[in-house]
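Examining the three-dimensional arrangement
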Amino acid sequence: MTVNGNSVSDASIRIDDENDIVAVLGKRIEVRKAVYLMMHKPSGFVCAKRDGLYETVFDLLGDPYRTPFFEENLHTIGRLDCDTEGLLILTTDGALTHRITATKSECGKTYVVRLAKKVRSEEGAAYVCKCAQGVHIEPEGREKEADCKSAELVWLGSGDEKDECTLTIYEGKFHEVKRIFSALGNEVVYLKRTAIGTLRLDESLERGGCRELSEDEIELLYRI
Ligand code: URA
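Nothing here was measured: the structure is a model prediction, and the numbers come from that model. (Residues numbered from 1 in each chain as written. Predicted model: local features only at pLDDT ≥ 70, side-chain atom pairs only at ≥ 80, totals over all residues. Heavy atoms only, no water.)

1. With respect to the overall build of the protein
Helix and strand content of the protein: five helices and 15 strands. Across the 224 residues in the protein, those meeting the buried criterion constitute 43%. Considering only contacts in the protein between residues 6 or more positions apart, those separated by 24 or more positions represent 61%. Surface accessibility of the protein: about 12,900 Å² in total, with carbon and sulfur atoms responsible for 48%. If you average the places of the 31 positive and of the 40 negative side-chain charges in the protein, the two averages end up 2 Å apart. (Helix = DSSP H or I, 4+ residues; strand = E, 2+ residues; numbered from the N terminus. Buried < 20%, exposed > 50% of the residue type's maximum accessible area, 1.4 Å probe, protein only. Contact = heavy atoms within 4.5 Å. Areas by Shrake-Rupley, 256 points an atom, 1.4 Å probe, with all protein chains shown as cover. Lys, Arg positive; Asp, Glu negative; His and termini not counted. Charge placed at Lys NZ, Arg CZ, Asp CG, Glu CD.)

2. A short note on the domain arrangement of the protein
Domain parsing of the protein yields domain 1 (1-31), domain 2 (36-104 + 210-222) and domain 3 (108-196). Each of domain 1 and domain 2 has a C-alpha centre, and the two are 26 Å apart. (Domains from an automatic or database assignment.)

3. Focus on the sheet that holds strand 1 (residues 2-3)
The sheet built from four strands is open, its strands ordered 2-1-3-4 with antiparallel pairing. The sheet terminates laterally at strand 2 (6-7) and strand 4 (27-28), the two strands that pair on one side only. As paired strands, strand 1 and strand 3 (residues 22-24) are joined by two bridges and run antiparallel to one another. Residue pairing for strand 3: Thr2 is matched across the bridge by Ala23. (Pairing = 2+ DSSP bridges.)

4. Observations concerning the site of the ligand
For the ligand, the full set of nearby residues is Leu80, Asp81, Thr84, Tyr111, His175, Glu176, Val177, Lys178 and Leu191. Backbone polar atom of Lys178 to an oxygen atom of the ligand: 3.1 Å apart, as the coordinates give it. Relative to its unbound accessible area of 240 Å², the ligand is 95% covered by the protein chains. In terms of residues, the shell around the ligand owes the most to one element, helix 4 (residues 176-183), which gives three residues. Looking at the shell around the ligand residue by residue, the class counts come to four nonpolar, two polar and three charged. There are two domains that each give the shell around the ligand at least three residues, and those are domain 2 (36-104 + 210-222) and domain 3 (108-196). (Near = heavy atom within 4 Å. Polar contact = N/O pair within 3.5 Å; in protein donor to acceptor, adjacent residues only side chain to side chain. Nonpolar A, V, L, I, M, F, W, Y, C, P; charged D, E, K, R; others polar.)

5. Looking at the pattern of salt bridges
A side chain with one charge may pair with a side chain of the opposite charge, provided their charged atoms come close. One pass over the structure, following the stated rule, counts 15 salt bridges. Salt-bridge contacts for Glu106 lead to Lys149; the nearest nitrogen and oxygen are separated by 3.5 Å. Residue Glu106 is located in the loop between helix 2 (94-101) and strand 10 (109-120), and its partner Lys149 is located in the loop between helix 3 (121-133) and strand 11 (152-155); the two are separated by 43 residues in the primary sequence. Relative accessible area serves as the criterion here: at 30%, Lys149 is assigned to the partly exposed category. The partner of Lys173 in a salt bridge is Glu171, and the shortest N-O contact between them spans 3.2 Å. (Salt bridge = Lys/Arg side-chain N within 4 Å of Asp/Glu carboxyl O.)

6. Here we look at the side chain of Arg193
Inspection of the secondary structure assignment puts Arg193 in strand 13 (residues 188-196). Here Arg193 is buried and forms no salt bridge, its nearest opposite-charge partner Asp81 lying at an N-O distance of 9.5 Å. A polar contact of 3.4 Å, which involves the side chain of Arg193, links it to the side chain of Tyr111. Excluding anything up to four places from it in sequence, Arg193 contacts Ile77, Leu80, Thr84, Glu85, Gly86, Leu87, Leu88, Lys109, Thr110, Tyr111 and Leu201.

7. Focus on a nonpolar patch on the surface
Where nonpolar side chains cluster on the molecular surface, the patch consists of Met1, Ile13, Val24, Leu25 and Ile29 and spans about 470 Å² of accessible area. Looking at where Ile29 falls in the secondary structure, it is placed in the loop between strand 4 and strand 5 (36-41). On the basis of relative accessible area, Ile29 is assigned to the partly exposed category, the value being 36%. (Patch = residues over 30% accessible without salt bridge, like charges linked within 9 Å, V, L, I, M, F, W, Y side chains within 5 Å.)

8. Here's the deal with the pairing of strand 11
In strand 11, alternate side chains face the same way, and those of Leu153 and Trp155 are buried while those of Glu152 and Val154 on the opposite face are not. Pairing of strand 11 with strand 12 (residues 161-169) involves four bridges; the strand directions are antiparallel. What sits directly across from Glu152, in strand 12, is Thr168. Hairpin remark: strand 11 followed by strand 12, antiparallel, with five residues in the connecting loop; positive phi at Gly157, about 85 degrees.

As structure tokens, this is what we get:
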């Protein structure tokens, strides 16, 4: 493949679909721009193309994204649990998905968490410390070990007893946030992702709403 006459082999190269001339075996081809969508995922929807039990996040998309092309190529960058809400990115850009979800990627994902049990300040400080050190969680499935990487916990609200915080994790173990708090002796009763790297959820999007990312927002994801 050539871009503006220069041979290219890097699949993650960014192409300006308006100005670049792309050719394969010397023949110019039409460039289809990758699609990047931000969704405010509601609780009760699964991040899968199909599910026997629940509706999926793809069921929330409008008709323009229900063509055979999107059916095959549009996917979520990572997954949120069925009962988790918040920031979900859907894209046709597999290279970006790989950058963000690869095991060695240390992309931060920030969640607002509400806990079942209120925590007093001393115990709260211990949670912060343990998260920073990396919580040991019980291995699940094919995991050999399950020591979480350092995570940042920030308590929200005032008062002596707290049950809401944000947690930023830098990996994506299965049910990681819920398992971290379970290992700390608590339970997550509400979970919402508010940021991936420096890209924040657009809170003006209603639950179940979706919009295309701006060029600046795509740039933020590429800088991760
Ligand atoms: N961690 C969880 O436990 N659930 C999610 O949906 C995301 C992160």
